[in-house]
Amino acid sequence: MVDDDRLAVVLAEAWGLELTRLHYVPKGFASYHWTGVAADGTRWFVKLDGLEHKPYLGEDPTSAAAGLEAAYATAHLLATAGLEFVVAPVPALDGRILDRIRPRWALSLFPFVAGASGRWGRRGRADARRRLIHALARLHGADSTASPLVTIRGWELPGRSALEAALAEVTAPWSGGPFSETARRALMDKKELVREWLAALDSLQSAVAAARPALVITHGEPHPGNVMIDGDQVRIIDWDTVALAPVERDLWMFSDDPALLDAYAAASGCSAHPTALSCYRLIWALSDLAAFTAGFRRPHDRNRATEHSWRGFLRILDGSEPAPYGPGRAAR
């Protein structure tokens, strides 16, 4: 971690910003946040990303930093192009979008956004969901050539090789930490079911590939925790997952609400494909399972983060489908 004094120095040197009353905000996973106030009374939001916890951006801190910089630069371009709902980082004085404050940490600065975010599994206000759907329609219609740095994410499963390796080695003891052996036994009990899910994903991926869907700019995780509501305004935060992908990468989160999908089709002229929606829902669940499994095989301690991972791990193995905006279905 980085202490407040070091943060203040970097913010002053890189952004020319003297922040007072830095206040730590205990939210987020694998990242740390502060709010601060400038001399003119302007409020700011400071984010410190742990580069070792973003495998979707790179396999090591250096490549993850490059991926994060590309993602945040894309968000900045989207915001300056007129997509006011994009909460993008503010470039430093030399144009950099983030500061590699230490080898494993990257610092970025954002305008403070008033309002409150939602919670996973809570539907929230109907009018806010409609505004979010219209915002996503505008995002998907944005010029995808505006940022040549944005990565492409199709319908591959992040962490699949590691998950398959864990399934192959599930009969041998795991010794990473306090959750290792209980996780191994739980996975061993459900290994055939997990393999069935992987086979089902293969079938869905083949069908999506055959349809050759268009690739657009997607956020990747427009769940309630990444959506800020301030009166009638909707803001989308956390753009480290931005990528070119089919629209269903975002829309599967609303697949339990046909009226919202109809509203998206009316706003965008593009209808979501049911097979692709199912594909991305399964990708979300299995990528979480892969990440949790990998974490329990590595050295770890019992803490709030690993306990949260353990609960998520069991929910997936029990067959509970991810349902960010509602109860969803009971099992796959």
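Just so you know, these numbers come straight off a predicted model, no measurement behind them.

### Digging into unusual backbone geometry
Moving on, step 1. A positive phi is found at Arg-212, a non-glycine position, where the angle reads about 50°.
Moving on, step 2. Take Arg-212: it is sitting in the loop between helix H6 (191-211) and strand E7 (216-218).

### Some remarks on the environment of His-300
Moving on, step 1. Looking at the element boundaries, His-300 is found in the loop between helix H9 (274-297) and helix H10 (304-317).
Moving on, step 2. Among the residues examined, His-300 registers a relative accessible area of 12% and is labelled buried.
Moving on, step 3. Separated by 122 residues in sequence, His-300 and Pro-178 place their C-alpha atoms 7.3 Å apart.
Moving on, step 4. Look past the residues within four positions of His-300 in its chain and what remains in contact with it is Gly-176, Gly-177, Pro-178, Phe-179, Ser-180, Gly-295 and Thr-306.

### Observations regarding the pattern of salt bridges
Moving on, step 1. Applying the stated rule across the entire model yields 18 salt bridges.
Moving on, step 2. Between Asp-127 and Arg-125 there is a salt bridge; the shortest N-O distance is 2.9 Å.
Moving on, step 3. Accessibility expressed as a relative area gives 23% for Asp-127, which makes it partly exposed.
Moving on, step 4. Notably, a salt bridge pairs Glu-181 with Arg-184, separated by 2.8 Å at the nearest N-O pair. Note that Glu-181 and Arg-184 are positioned in helix H5 (residues 180-189) at a spacing of three residues, about one turn of the helix.
Moving on, step 5. Residue Glu-181 is classed as partly exposed on the basis of its relative accessible area, which comes to 24%.
Moving on, step 6. Taking relative accessible area as the criterion, Arg-184 reaches 9% and is therefore assigned buried.
Moving on, step 7. Through salt bridges with shared partners, a single ionic network connects Arg-125, Asp-127, Arg-131 and Asp-232.

### Notes on the sheet that holds strand E5 (residues 105-111)
Whenever strands of a sheet pair, they do so through backbone hydrogen bonds, lying parallel or antiparallel.
Moving on, step 1. Spatially, the five strands line up as an open sheet ordered E1-E2-E3-E5-E4, and their pairing is antiparallel. Both edges of this open sheet fall to strand E1 (19-25) and strand E4 (99-102), since each of them pairs with a single strand only. In this sheet, neighbouring strand axes are inclined to one another by 30° on average, regardless of whether the strands run parallel or antiparallel.
Moving on, step 2. Judged from the seven bridges that link them, strand E3 (residues 43-50) and E5 form a sheet pairing that is antiparallel. The partner of Leu-48 across the bridge, within E5, is Leu-107.

### Here's the deal with the pairing of strand E9 (residues 233-236)
Moving on, step 1. Alternating residues of E9 divide into Val-234 and Ile-236, all buried, and Gln-233 and Arg-235, none buried.
Moving on, step 2. With four bridges joining them, strand E8 (residues 227-230) and E9 adopt antiparallel strand pairing. The residue of E9 that forms the bridge with Met-228 is Arg-235.
Moving on, step 3. The antiparallel hairpin formed by E8 and E9 contains two residues in its connecting segment, where Gly-231 sits at a positive phi of about 65°.

### Quick look at the packing of helix H3 (residues 126-140) against helix H8 (residues 258-268)
Moving on, step 1. H8 packs onto H3 with a crossing angle of 40° between their chain directions and a minimal axis gap of 9 Å. When the axes of H3 and H8 are compared, the pair comes out oblique. Our pair here, H3 against H8, has a crossing hand that is right-handed. Residue-level inspection shows Arg-129, Arg-130, Ile-133, His-134, Leu-136, Ala-137 and His-140 of H3 in contact with H8, the latter providing Leu-260, Ala-263, Tyr-264, Ala-267 and Ser-268.
Moving on, step 2. Partitioning the contact of H3 with H8 into residue classes produces seven nonpolar, three polar and two charged.

What counts as what
Residues numbered from 1 in each chain as written. Predicted model: local features only at pLDDT ≥ 70, side-chain atom pairs only at ≥ 80, totals over all residues. Heavy atoms only, no water. Helix = DSSP H or I, 4+ residues; strand = E, 2+ residues; numbered from the N terminus. Buried < 20%, exposed > 50% of the residue type's maximum accessible area, 1.4 Å probe, protein only. Contact = heavy atoms within 4.5 Å. Salt bridge = Lys/Arg side-chain N within 4 Å of Asp/Glu carboxyl O. Pairing = 2+ DSSP bridges. Axes fitted to C-alpha atoms, helices over the stretch in contact; angles between N-to-C directions. Parallel < 35°, antiparallel > 145°, perpendicular 65-115°, else oblique. Left-handed = near helix turned anticlockwise from the far one by under 90°. Nonpolar A, V, L, I, M, F, W, Y, C, P; charged D, E, K, R; others polar.

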